[in-house]
Number of protein chains: 2
Amino acid sequence: MIDFQTRLAAVCAARGRLCVGVDPHGATLAGWGLDDDLGGLERFSRGLVAALADQVAVFKPQSGFFEAYGPRGLDVLARVLGDIAAAGAVSILDVKRGDIGSTMAAYARAYLSDGAELAADAITVSPYLGFGSLTPAVELAAQTGRGVFVLARTSNPEGAQVQDALAGGISVAQSIVDQAATANTKLGAGVVHLVLGATHAELGVDLAGFDGWVLAPGIGAQGGRMSDLARLFGAAVERVLPSASREVAAAGPDQQALRQRTAELVVQGAGLS
Amino acid sequence: MIDFQTRLAAVCAARGRLCVGVDPHGATLAGWGLDDDLGGLERFSRGLVAALADQVAVFKPQSGFFEAYGPRGLDVLARVLGDIAAAGAVSILDVKRGDIGSTMAAYARAYLSDGAELAADAITVSPYLGFGSLTPAVELAAQTGRGVFVLARTSNPEGAQVQDALAGGISVAQSIVDQAATANTKLGAGVVHLVLGATHAELGVDLAGFDGWVLAPGIGAQGGRMSDLARLFGAAVERVLPSASREVAAAGPDQQALRQRTAELVVQGAGLS
């Protein structure tokens, strides 16, 4: 079994570190001349992946947009995940799940177990119930060679109320970072990774001791800039996956325009380190 | 349109305030002599609801256990939600979703919009990205006569690291409570409700000013006791929905035993106020 971090590093070395979000929301579908229905959902999502299949290291489907279409929307998501795997790219399924005990284990089974219809290479998870509540997902990811990206400091301003709150003089976001670092040390492998928004003036956390990867959403439409990443992340920028969604999709549906826009972002991302 | 809070109050007045969790995990299915597959999932979940259909005010299906079976598991969940509605009971779908902007709106569309296959009367939501990030769900719930239950202080010990952290001298959990109260005042209706675990020695938050309902998980298997609720919640205990899952399901699959165990818990709950 080749573990997640090894696969991620290899595909990023070959294709650059850009993560393309697959966010089929209504306005985006309309921009592609598609209806806001299951057919439009499938044509947009699989069309985007097909256009960029050999060009992008990481695709991040946003589960909410598929869930909005009910169980049949999740059938489409399963096919999108299959397309990403067939393209030799890595999938980070953005589900932001977070629960305790047997429920967290059930989410892990849904998205991180071999043979599950909706299995991805990694998922995002949300630690409102404490980092320790995520253990069933971390353990299953370690067993199956997958990864989890834990929300630490997100790209939206409202997050500060929770993420910058202090316990024992340490912010919630920093304690997530520290526990992620500890988990990777214990596991002896990079299973736990982080989500840190690229939209802030300051990163707000110290990444010393953390050897995993960082998903950095918010590039483009949310106001984050590639040119800020080196300053924000310092030496860790080489393990940052800048993530863009609308910024890429807006160039479609024309395949050449999508590839051109993506190539520009890949080059910008490569120039960071 | 009869709003969520009015429907909830009416069914609780008739049946008591017990919330029965529908948590089809493997061990529970085995206890009912069922296989850990789609057939077992459906027989357990719909069988539990059928046995208690006229007896219980609120059912809380736990989404993770359905997601674990992939898109076909969510077809079962849709049928369970239909059964709950047909029974005249209220459904609180425990999905703990939390995201920002158009993604949060997509989750709201999935679970809180009229006509959605997985629409419930209310859902649980998770505020790691800040209470404000939940606005699209709160707004859609207000429009469609549904509700949201926001995680404030959860039943598990690991939650304290995030939920008891302080910002401006106020804990994260208290700030969620305060913002829920403010949202209900602005909306002029009880759309926003809370999740507060029943397992703590102290409630840990002040509910003054909050007029919504409280879902209190953790009764039974997690160590919470009905007899503690009056002390924990004070005057607000009349708006508390004590929630039990394994505690009920373990009496099955025999229908009479399930109804007997449930009746005992309803009586215990009714004795609180």
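The structure displayed is predicted, hence computed values, not measured ones.

Colleague: Got a minute to help me understand helix H7 (residues 135-144) of chain B in this structure?
Modeller: One full turn of an α-helix is made of 3.6 residues, so residues set three or four places apart face in the same direction. Along H7(B), the residues that are buried comprise Ala137(B), Val138(B), Leu140(B), Ala141(B) and Thr144(B). In this structure, the buried residues of H7(B) make contact with helix H6 (101-112), strand S5 (147-153), helix H9 (172-187) and strand S8 (192-196) of chain B.

Colleague: Quick question: what am I supposed to make of the relation of the copies chain A and chain B here?
Modeller: Note that the two copies of the chain are related through a rotation about an axis and a translation along the same axis. For the match of chain A to chain B, the screw axis carries a shift of 0.0 Å, the RMSD comes to 0.0 Å, and the turn is 180°. Here the two chains are linked by the operation of a two-fold rotation axis. In this assembly the copies share their binding face: 100% of the residues contributing to the interface of chain A also contribute to that of chain B.

Colleague: Explanation requested: the pairing of strand S8 (residues 192-196) of chain A in the structure shown.
Modeller: Regular strands place their side chains on alternate faces of the sheet. Residues and elements named next belong to chain A. Of all five residues making up S8, five are buried, and the element is well covered by its neighbours. Here strand S5 (residues 147-153) runs beside S8; their pairing, made up of five bridges, is parallel. Across the sheet, the residue bridging to Leu-151 is Val-195, located in S8.

Colleague: What am I meant to see in the interface of chain A and chain B here?
Modeller: For an interface, size is often stated in terms of accessible area lost upon the parts coming together. Contact residues are listed per partner, giving 57 residues for chain A and 57 residues for chain B. In total, about 4400 Å² of surface goes out of reach between chain A and chain B, with carbon and sulfur atoms giving 54% of it. For the interface between chain A and chain B, the tally reads eight salt bridges. With its nearest N and O atoms 2.8 Å apart, the salt bridge here joins Lys96(A) to Asp99(B). Here chain A and chain B share 25 residue pairs in polar contact (both at pLDDT 80 or more) between them. Going through the elements one at a time, helix H4 (63-67), helix H5 (71-86), strand S3 (90-97), helix H6 (101-112), S5, helix H8 (160-163), strand S6 (166-167) and helix H9 (172-187) of chain A are the ones with two or more residues in the side of chain A that touches chain B. Per element, the largest residue contribution to the side of chain A that touches chain B is seven residues, and it comes from H6(A).

Colleague: How do you make sense of the pairing of strand S4 (residues 122-125) of chain A when you look at a structure like this?
Modeller: All names here are of chain A. Where burial is concerned, the two faces of S4 agree: the one with Ala-122 and Thr-124 and the one with Ile-123 and Val-125 are both buried. Bridge analysis of S3 against S4 gives three bridges, and the strand direction is parallel. Its bridge partner being in S4, Arg-97 is matched across the sheet by Val-125. In this view, the connection linking S3 to its parallel neighbour S4 by way of H6 has right-handed handedness. Bridge count between S4 and S5: four bridges; the pairing is parallel. Its bridge partner being in S5, Ile-123 is matched across the sheet by Val-148. Crossover S4 to S5 through helix H7 (residues 135-144) is right-handed.

Rules used throughout
- What you see as residue numbers is a count from 1 along each chain, following the sequence as written.
- Chains and ligands are labelled sequentially in the order written, the chains with letters from A and the ligands with numbers from 1.
- In keeping with the predicted nature of the model, local features appear solely for residues at pLDDT of at least 70, side-chain atom pairs appear and are counted solely at 80 or more, and the whole-chain, interface and lining totals rest on all residues.
- Values shown for side chains rest on all heavy atoms present in the structure; no hydrogens or waters enter the calculation.
- Burial classes follow relative accessibility: with a 1.4 Å probe on protein chains only, a residue under 20% of its type's maximum area counts as buried, one over 50% as exposed, and anything between as partly exposed.
- Numbered from the N terminus, helices here are DSSP runs of H or I no shorter than four residues, and strands are runs of E no shorter than two.
- In this analysis, two residues are considered to be in contact whenever any of their non-hydrogen atoms come within 4.5 Å of each other.
- Copy-to-copy alignment: least squares on C-alpha atoms, limited to residues at pLDDT 70 or above in both.
- Strand pairing is defined by DSSP finding a minimum of two bridges between the two strands.
- Defined in terms of a 1.4 Å probe, buried area is the accessible area two parts forfeit on being brought together, summed over both.
- Salt bridges, as used here, are contacts in which a Lys or Arg side-chain nitrogen is within 4 Å of a carboxyl oxygen on Asp or Glu.
- N or O atoms within 3.5 Å of each other form a polar contact, as long as, within protein, one can give a hydrogen and the other can take it, and as long as residues adjacent in sequence are counted only when both atoms are side-chain atoms.
- Seen with the strands pointing away from the viewer, any crossover whose path from the first strand over the helix to the second strand runs clockwise is right-handed.

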